[in-house]
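Structural features, examined
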Amino acid sequence: VQLQASGGGLVQAGESLRLSCAASGFTFSSYAMGWFRQAPGKEREFVAAIRRSGASTYYGDSVKGRFTISRDSAKNTVYLQMNSLKPEDTAVYYCAAARSLSIDYVQYDFWGQGTEVTVSS
């Protein structure tokens, strides 16, 4: 099983980034996918999740209206489009896979290595 996250980087406040997470080694269409983030000295925070079918999505309050999660089953990839970035979005972002959609990280079976996002003011 592998979840390879990419797309992080250094941007200025107000700019956008798109994170990607390529999945392999498991049946992608059988898993809900989520994004979490963790800033230095802080607990892991739920960002967004999408159902197996892609029909439903869910967002953390701090990113609602700015971030969009999507998935491409043909490419076994989940994306996180991040717009209007703020300095408080600075964190390592992790993608993860779960049997059913959840905001609780303990429900996720597989995790990627993380990609770092830094937003300067």
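Use the structure listed above.
The text that follows walks through the structure, step by step, so that each part is easy to find. If you're wondering where the values come from, they're calculated on a predicted model, not measured in any experiment.

1. Brief notes about the overall build of the chain
Of the regular secondary structure elements, the chain holds zero helices and 11 strands. Walking the chain from its N terminus toward its C terminus, one meets helices and strands in the order β-β-β-β-β-β-β-β-β-β-β. The C-alpha atoms of the chain give a radius of gyration of 13 Å, which matches the 14 Å a tight globule of 121 residues would have. A separation of at least 24 residues holds for 57% of the contacts in the chain among residues at least 6 apart in sequence. Element-wise, carbon and sulfur atoms account for 43% of the exposed surface of the chain, whose accessible area totals about 6,100 Å². Across the chain, 12 positive and 10 negative side-chain charges occur, with their mean positions spaced 7 Å apart.

2. Considerations on the pattern of salt bridges
Under the defined criterion, the tally for this structure stands at four salt bridges. The partner of Glu 45 in a salt bridge is Arg 37, with the nearest N and O atoms 2.8 Å apart. Arg 37 sits in the buried class, given a relative accessible area of 4%. With its nearest N and O atoms 3.1 Å apart, the salt bridge here joins Lys 64 to Asp 61. Residue Lys 64 is classed as partly exposed on the basis of its relative accessible area, which comes to 48%.

3. Observations concerning the side chain of Thr 115
Structurally, the position occupied by Thr 115 is in strand 11 (residues 115-120). For Thr 115, a relative accessible area of 10% corresponds to the buried category. Apart from residues lying up to four places away in sequence, Thr 115 is in contact with Ala 5, Ser 6, Gly 7, Gly 8, Leu 19, Ala 91, Val 92 and Tyr 93.

4. As for the sheet that holds strand 7 (residues 67-72)
Within the open sheet, the four strands sit side by side as 1-3-8-7. Their pairing is antiparallel. Among the strands making up the open sheet, the edge pair consists of strand 1 (2-6) and strand 7. Adjacent strand axes in the sheet meet at a mean angle of 15 degrees when their direction is disregarded. Here six bridges tie strand 3 (residues 17-24) to strand 8 (residues 77-82), and the two strands are oriented antiparallel to one another. Paired with Ala 22 across the two strands is Thr 77, which belongs to strand 8.

5. What about the nonpolar core?
If you look at the biggest cluster of nonpolar residues, it comprises 30 residues, and the most contacted ones within it are Trp 35, Leu 80, Met 82 and Tyr 93. For this core, the secondary-structure elements that each account for two or more residues are strand 1, strand 3, strand 4 (32-38), strand 5 (45-50), strand 7, strand 8, strand 9 (91-98) and strand 11. For Leu 80, the contacting residues outside a window of four places in its chain are Leu 17, Arg 18, Leu 19, Trp 35, Val 47, Ala 48, Phe 67, Thr 68, Ile 69 and Tyr 93. Residues Phe 36, Phe 46, Ala 96 and Tyr 108 belong to the second largest nonpolar core, which totals six residues.

How each quantity is defined
- Residues numbered from 1 in each chain as written.
- Predicted model: local features only at pLDDT ≥ 70, side-chain atom pairs only at ≥ 80, totals over all residues.
- Heavy atoms only, no water.
- Helix = DSSP H or I, 4+ residues; strand = E, 2+ residues; numbered from the N terminus.
- Rg over C-alpha atoms; globule rule 2.2 N^0.38 Å.
- Contact = heavy atoms within 4.5 Å.
- Areas by Shrake-Rupley, 256 points an atom, 1.4 Å probe, with all protein chains shown as cover.
- Lys, Arg positive; Asp, Glu negative; His and termini not counted.
- Charge placed at Lys NZ, Arg CZ, Asp CG, Glu CD.
- Salt bridge = Lys/Arg side-chain N within 4 Å of Asp/Glu carboxyl O.
- Buried < 20%, exposed > 50% of the residue type's maximum accessible area, 1.4 Å probe, protein only.
- Pairing = 2+ DSSP bridges.
- Axes fitted to C-alpha atoms, helices over the stretch in contact; angles between N-to-C directions.
- Core = buried A, V, L, I, M, F, W, Y, C linked by side-chain atoms within 4.5 Å.

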